[in-house]
Amino acid sequence: MINYKPFYDTLFRKNITEYNLIFKQGFSANTLYRIKKGEAISTKTLDALCYALDCNVEDIIKFEKE
């Protein structure tokens, strides 16, 4: 199962808000909703988040065996 906890840790560490991602970086509110609910996002979105946050994939998602 994919866990998005590292995403929120990265946002906190870099002092970036969800508001900033939506209104300044151009991410959709639906994307952040899907992350918050633990739903799937595309690799294209994952790539865009890595670019916007200047981080690696491990800073956004974590795989956990159920």
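In short, a report on the structure. (Residues numbered from 1 in each chain as written. Predicted model: local features only at pLDDT ≥ 70, side-chain atom pairs only at ≥ 80, totals over all residues. Heavy atoms only, no water.)

### Here we look at the overall build of the protein chain
In terms of regular secondary structure, the protein chain is built from four helices and two strands. Going residue by residue from the N terminus, the α and β elements of the protein chain occur as β-α-α-α-α-β. Here the C-alpha radius of gyration of the protein chain, 11 Å, is about what a compact globule of 66 residues would show, namely 11 Å. Referenced to the eigenvectors of the C-alpha coordinate spread, the extents of the protein chain come out at roughly 35 × 25 × 20 Å. Expressed as a percentage of the 66 residues in the protein chain, the buried residues total 27%. Counting contacts in the protein chain only where the partners sit at least 6 residues apart, residues at least 24 apart contribute 60% of the total. A total of about 4800 Å² of accessible surface is found on the protein chain, and carbon and sulfur atoms cover 52% of it. When the 10 positive and 9 negative side-chain charges of the protein chain are each reduced to one mean point, those points stand 4 Å apart. (Helix = DSSP H or I, 4+ residues; strand = E, 2+ residues; numbered from the N terminus. Rg over C-alpha atoms; globule rule 2.2 N^0.38 Å. Buried < 20%, exposed > 50% of the residue type's maximum accessible area, 1.4 Å probe, protein only. Contact = heavy atoms within 4.5 Å. Areas by Shrake-Rupley, 256 points an atom, 1.4 Å probe, with all protein chains shown as cover. Lys, Arg positive; Asp, Glu negative; His and termini not counted. Charge placed at Lys NZ, Arg CZ, Asp CG, Glu CD.)

### Observations concerning the packing of aromatic side chains
Enumeration according to the criterion identifies two aromatic pairs in this entry. Relative to Tyr8, the ring of Phe7 has its centre 5.0 Å away and its plane inclined at 75 degrees; by these criteria the two rings are edge-to-face. The exposure class assigned to Phe7 is buried, which follows from its relative accessible area of 0%. Residue Tyr8 is classed as partly exposed on the basis of its relative accessible area, which comes to 28%. Residues Tyr19 and Phe23 carry aromatic rings whose centres are separated by 4.6 Å and whose planes lie at 40 degrees to one another, so their mutual orientation is tilted. With Tyr19 and Phe23 both in helix α2 (residues 18-23), this residue pair falls four residues apart, about one helical turn. Both residues of the pair, Tyr19 and Phe23, count as exposed. (Phe/Tyr/Trp six-rings, centres within 6.5 Å; stacked < 30°, edge-to-face > 60°.)

### Section: helix α3 (residues 29-36)
Looking only at α3, the buried set comprises Thr31, Leu32 and Ile35. Down the axis of α3, the sector holding all buried residues measures 95 degrees, keeping them to one side. Directly after α3, the chain includes Gly38, whose backbone phi takes a positive value near 75 degrees. (Arc of directions from axis to C-beta.)

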